[in-house]
Every structure is written in C-alpha cells, then in structure tokens.
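Topology and contacts: notes
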Amino acid sequence: MTIAPLMPVYPRCDVRPVRGEGAYLWGERGEKYLDFASGIAVNILGHAHPKLVKTIADQAATLMHVSNLYGAPLQEQLAEKLVASTFADTVFFTNSGTEAVECAIKVARRYHYANGEPHRHHIVTFANAFHGRTLGAISATNQPKMRDGYEPLLPGFETVAFNDLEAADRASDRPDAAGFMVETVQGEGGVTPATQEFMTGLRKLCDERGLLLILDEVQCGYARTGAFFAHEHYGVSPDIMAVAKGIGGGFPLGACLATEEAAKGMVAGTHGSTYGGNALAMAVGLTIFEEVVNEPFLANVRRMGDRLRQTLEQLIPNHDHLFDSVRGKGLMLGLKLKPTAEARAFVAHLRDNHGLLTVSAGENVVRVMPPLNIEDSHIAEFAEKLSAGARDYPVGDAA
Ligand SMILES: *Cc1c(COP(=O)(O)O)cnc(C)c1O
C-alpha cells in the first residue's frame with residue numbers, strides 16, 4: 001500500500017507544530033515560529049490563551065455535550081449576545097464554516113419556499129470565492145481544483161465577476177432568483193474587499209427584487225477587520241450570514257445568523273446538527289465574545305491594523321523588485337507580490353528560512369493575519385523577518 005494513513009488531500013509542509021503560546025508556535029524539533037497565519041484567521045486570541053484554556057478545562061469537567069433534544073442554556077446565552085450585537089434575530093450553531101454556509105443556503109431556499117415561491121432557488125455567487133468544501137459550498141464557487149470530479153454538483157448557482165455590480169444585476173434579473181452569496185472581503189481569493197458601490201448595489205438589488213443578501217464572513221468576520229463584522233464598514237446589512245473561524249478562537253465552532261424574516265421557513269425539524277452548539281463550544285464562544293466584542297478591543301485591532309499596514313507600505317520601496325502593494329482591512333492584510341515572485345514560494349521561504357508563518361492567497365498575495373491581540377513588538381519582529389526574507393529571496397527563482 002502506498003497511500004498514507006492520513007488521506008493525502010493537503011500538500012503539507014515540513015513544519016510540524018506541537019505547541020503554541022500567544023503569537024508563537026514551536027515545531028517538533030523545538031524550532032520557534034512567529035505565527036502571522038493564526039490557523040488561517042482562527043486563533044484570534046493567539047495560542048493557549050489562559051482564559052480560553054481555563055474555560056475549556058472548567059466546562060469539560062462540567063458538561064461537554066448533550067443532545068439538541070434538550071434545552072440549551074449556553075446556546076441561548078451566546079445566541080442572545082450575537083443577536084444583540086448584530087443585524088440578526090436568530091442563530092443556528094454549527095461546527096465549521098462550510099456548515100454555516102450550508103445552513104445559509106438552506107435558510108435562503110426555505111425562505112422562498114415559505115413565501116410560496118419554491119422555484120426561487122437561483123443564487124448568484126462570485127468568482128474566486130471560497131465558501132468551504134461541502135457539495136453545496138463547492139457548487140457556489142467557480143474554482144476547478146475544488147469542483148473537478150465531484151459532479152453532479154448542486155444546481156441553482158451562477159458565478160459572476162466579484163465587484164461587478166452590472167453582472168450581478170444581470171444574473172439576478174430572472175424569476176427564479178433567490179439571492180446573492182458573497183464574502184465581504186474575499187480571503188482565499190486574495191484579500192480583496194468588496195467595493196462600497198458593490199455592497200450598496202447588492203443590497204439595493206435585493207430590496208427591489210425580493211432577494212436575500214447572504215454574506216460569508218467566515219474569514220473576515222469576528223473582529224478581524226476592526227469591526228465586529230466587516231459589513232459594518234459599509235453600512236450594509238445582510239439577511240443571512242455565515243460565521244466561523246474567529247468565533248471559536250481555535251475550537252471548532254460556526255454559526256448561521258439570520259433576520260426573523262429570512263429565517264421564516266426554519267421551523268422545527270427543518271435543520272439540525274448533533275454536535276452543533278455543544279456546551280464546550282458554547283463556553284468557548286462566550287469567552288471569545290466577552291474578550292473580543294467590545295470597543296477597546298476593536299479599536300486596538302484597528303490601531304494594530306493601521307500599524308501593520310504602514311509597516312508593510314514602508315517596506316515596499318526597499319523591496320520593490322518583490323513587493324507590489326498592500327490590500328485588506330484591519331488585521332486581514334494581503335501583500336501582493338510582483339509577477340517576478342510567486343506568493344506560495346515566498347511564504348515557504350519566510351517559513352523555512354526566517355521562522356515566519358503567513359499564508360498565500362489567490363492573485364499572488366501573501367496573507368498576513370496575526371492573532372488580534374498582538375502588540376507593537378510583534379509587528380516590529382514581523383517587519384524584521386519579512387525584510388530579511390525579502391533581502392535573501394532569490395527573485396526569478398521561484399523554487
Ligand atoms: C474557511 C472558510 C470557509 C470554510 O470554513 P471551514 O471551517 O473550513 O468549513 C468558508 N468561507 C470562507 C470565506 C472561509 O474563509
């Protein structure tokens with residue numbers, strides 16, 4: 001047998017983390033890394049945060065899981081907090097981002113069904129989006145590497161160009177249109193924020209045509225951009241929103257949020273999850289919420305985001321053979337490289353030769369997503385490692 005016991009679906013690198021603390025990780029051989037990847041925007045309070053560790057230990061010793069057949073006081077507490085601080089009136093808890101997206105699609109279909117218009121199932125999505133790996137979520141993207149070999153996919157999706165309001169208008173001008181699903185800031189696609197015109201325009205089209213605006217804020221939500229959710233920067237509210245990653249700070253947790261109107265089809269028996277909303281996940285969610293959803297914390301994310309962005313911008317002229325531009329919001333930043341370099345190879349160079357963890361994204365972008373509670377010293381250390389990495393990176397040799 002030649003297949004590895006671990007199904008080889010990830011091209012894993014040689015870093016094998018075994019321990020973390022704050023913004024640092026240690027590998028199997030004891031080597032240390034500055035972690036500006038954060039498990040891809042997940043570990044928003046860094047590694048081994050003392051409050052999170054204590055929450056998990058205490059809750060595990062109290063109650064970890066019961067069926068959703070029973071009343072769920074901790075789910076109610078977290079749902080009430082989310083409802084009180086967002087557009088939403090109601091919340092369904094999941095274990096991952098893709099399940100939150102799946103729930104969002106189901107809520108949208110049930111909404112039109114409940115309105116007596118079950119034919120309205122056409123959801124317009126956007127190029128280079130990433131919504132997760134379930135069949136529903138891959139049906140909502142146009143990326144062959146995720147879709148090939150999985151056909152037949154779920155019908156009812158059409159992909160048009162991101163930030164192209166005219167294309168969105170045309171694609172949704174049909175009797176079976178159900179809504180739009182869009183990342184407020186595309187993550188995997190290359191750290192690309194939606195434009196103001198696009199967000200305002202989508203909302204307007206939804207209001208005019210009875211469509212639902214579904215936001216996927218799995219990556220850009222939960223304080224990452226310096227607002228609780230990224231759509232707050234635009235003054236535009238969704239009808240349904242998928243959330244995960246930061247919401248659990250490293251513990252598997254996701255949520256689908258919706259307005260009362262959008263969720264009108266979600267009655268008893270229409271959806272469910274065995275693990276979703278388990279007591280351990282809820283205890284973690286409550287601790288993360290308490291730490292993160294307050295103005296001082298969010299203001300600090302904006303301040304650190306500005307500093308990190310300035311740091312990156314100042315480095316560009318010194319390394320303009322390699323660095324092109326900076327994009328993103330808050331602490332969800334992307335460093336676009338010149339075509340002479342390849343983001344994936346540069347990320348590997350920073351990791352292997354400078355102990356700095358980042359993540360590559362589409363459009364030749366290096367994603368920079370540190371824990372949200374970093375300090376100035378981490379930014380200084382990041383800048384040193386990045387410029388050292390840029391100095392000794394063999395341009396033209398993307399090996
Ligand atoms: C990561 C991600 C998902 C999928 O989340 P999983 O927890 O991996 O299922 C969905 N949408 C976006 C925007 C993401 O970044």
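- With an unreviewed UniProt entry as reference, the protein chain is termed Acetylornithine aminotransferase, source organism Sphingomonas naphthae.
- Per its UniProt entry, the protein chain bears the Pathway (unreviewed entry) comment "Amino-acid biosynthesis; L-arginine biosynthesis; N(2)-acetyl-L-ornithine from L-glutamate: step 4/4."
- Listed under Subcellular location (unreviewed entry) in UniProt, the entry text for the protein chain is "Cytoplasm".

Observations concerning the packing of helix α3 (residues 73–84) against helix α9 (residues 279–292)
- Where α3 meets α9, the closest approach of the two axes is 9 Å, and the angle between their N-to-C directions is 35 degrees. The chirality of how α3 crosses α9 is left-handed. For the pair α3 and α9, the contacting residues are Leu74, Gln75, Gln77, Leu78, Lys81 and Leu82 in the first and Ala279, Met282, Ala283, Gly285, Leu286 and Phe289 in the second.
- For the contact of α3 with α9, the residue count by class is 8 nonpolar, 3 polar and 1 charged.

Let's talk about the environment of His378
- Along the polypeptide, His378 turns up in helix α12 (residues 376–391).
- His378 sits 355 residues away from Ala23 along the chain, and the two C-alpha atoms are 7.8 Å apart.
- Every residue in contact with His378, bar those within four places of it in the chain, is listed here: Ala23, Tyr24, Leu34 and Phe36.

Concerning the domain arrangement of the protein chain
- Domain boundaries assigned for the protein chain yield domain 1 (17–48 + 295–391) and domain 2 (63–292).
- Averaged C-alpha coordinates put domain 1 and domain 2 at centres separated by 27 Å.
- Across the boundary between the two partners, domain 1 contributes 27 residues, which contact 28 residues of domain 2.
- Both faces considered, domain 1 and domain 2 share a buried interface measuring about 2,200 Å² in area, 64% of it formed by carbon and sulfur atoms.
- Along the contact surface separating domain 1 from domain 2 lie 1 salt bridge.
- Notably, a salt bridge pairs Arg367 with Glu188, separated by 2.9 Å at the nearest N-O pair.

Some remarks on the pattern of salt bridges
- Taken as a whole, this structure holds 20 salt bridges when the rule is applied.
- The salt bridge involving Arg16 is made with Glu28; its shortest N-O contact spans 2.8 Å. Separated by 12 residues along the polypeptide, Arg16 in the segment before β1 (17–21) and Glu28 in the loop between β2 (24–27) and β3 (32–35) bring together distant segments of the chain.
- Judged by relative accessible area, Glu28 falls into the exposed class, the value being 52%.
- Arg120 is paired through a salt bridge with Glu117; the nearest N and O atoms lie 3.3 Å apart.
- Of the residues examined, Glu117 reaches a relative accessible area of 27% and is grouped as partly exposed.
- Each of the salt bridges in this network shares a partner with another, and the network as a whole consists of Glu158, Arg174 and Asp176.

Side note on the layout of surface pockets
- Reported here for the second largest pocket is a volume of approximately 580 Å³.
- Along the walls of the second largest pocket sit 26 residues, with Gln75, Val91, Phe92, Phe93 and His271 positioned nearest its centre.
- Take the lining of the second largest pocket: its biggest share by element is 4 residues, from strand β4 (residues 90–94).
- Considered class by class, the residues forming the lining of the second largest pocket number 14 nonpolar, 11 polar and 1 charged.

Let's talk about the sheet that holds β2
- With mixed pairing, the 4 strands of this open sheet are ordered in space as β1-β2-β3-β15. Each edge of the open sheet carries a strand with a single partner, namely β1 and β15 (356–357).
- Relative to β15, β3 is paired through 2 bridges, and the arrangement is parallel. Of the residues in β15, the one forming a bridge with Leu34 is Leu356.
- Contacting β2, β3 and β15, α12 crosses the sheet at an angle of about 110 degrees to β3.

Points about the site of the ligand
- Near the ligand the following residues occur: Ser96, Gly97, Thr98, Phe130, His131, Gly132, Glu183, Asp216, Val218, Gln219 and Lys245.
- Here a nitrogen atom of the ligand sits 3.2 Å away from a polar atom, N or O, in the main chain of Phe130.
- Separating an oxygen atom of the ligand from a side-chain N or O atom of Lys245 is a distance of 2.6 Å.
- When the ligand sits alone it has 380 Å² of accessible area, and the protein chains cover 82% of it.

Quick notes on the rules
- Residues numbered from 1 in each chain as written.
- Predicted model: local features only at pLDDT ≥ 70, side-chain atom pairs only at ≥ 80, totals over all residues.
- Heavy atoms only, no water.
- UniProt positions renumbered as here; feature names shortened; annotations may be inferred.
- Axes fitted to C-alpha atoms, helices over the stretch in contact; angles between N-to-C directions.
- Helix = DSSP H or I, 4+ residues; strand = E, 2+ residues; numbered from the N terminus.
- Left-handed = near helix turned anticlockwise from the far one by under 90°.
- Contact = heavy atoms within 4.5 Å.
- Nonpolar A, V, L, I, M, F, W, Y, C, P; charged D, E, K, R; others polar.
- Domains from an automatic or database assignment.
- Buried area = accessible area lost by both parts, 1.4 Å probe.
- Salt bridge = Lys/Arg side-chain N within 4 Å of Asp/Glu carboxyl O.
- Buried < 20%, exposed > 50% of the residue type's maximum accessible area, 1.4 Å probe, protein only.
- 1 Å grid on protein atoms, 1.4 Å probe; cavity = no way out; pocket = protein on both sides within 12 Å on 5 of 7 lines; lining within 4 Å.
- Points joined across faces, edges and corners; volume = space filled by probe spheres on them.
- Pairing = 2+ DSSP bridges.
- Near = heavy atom within 4 Å.
- Polar contact = N/O pair within 3.5 Å; in protein donor to acceptor, adjacent residues only side chain to side chain.
- Areas by Shrake-Rupley, 256 points an atom, 1.4 Å probe, with all protein chains shown as cover.

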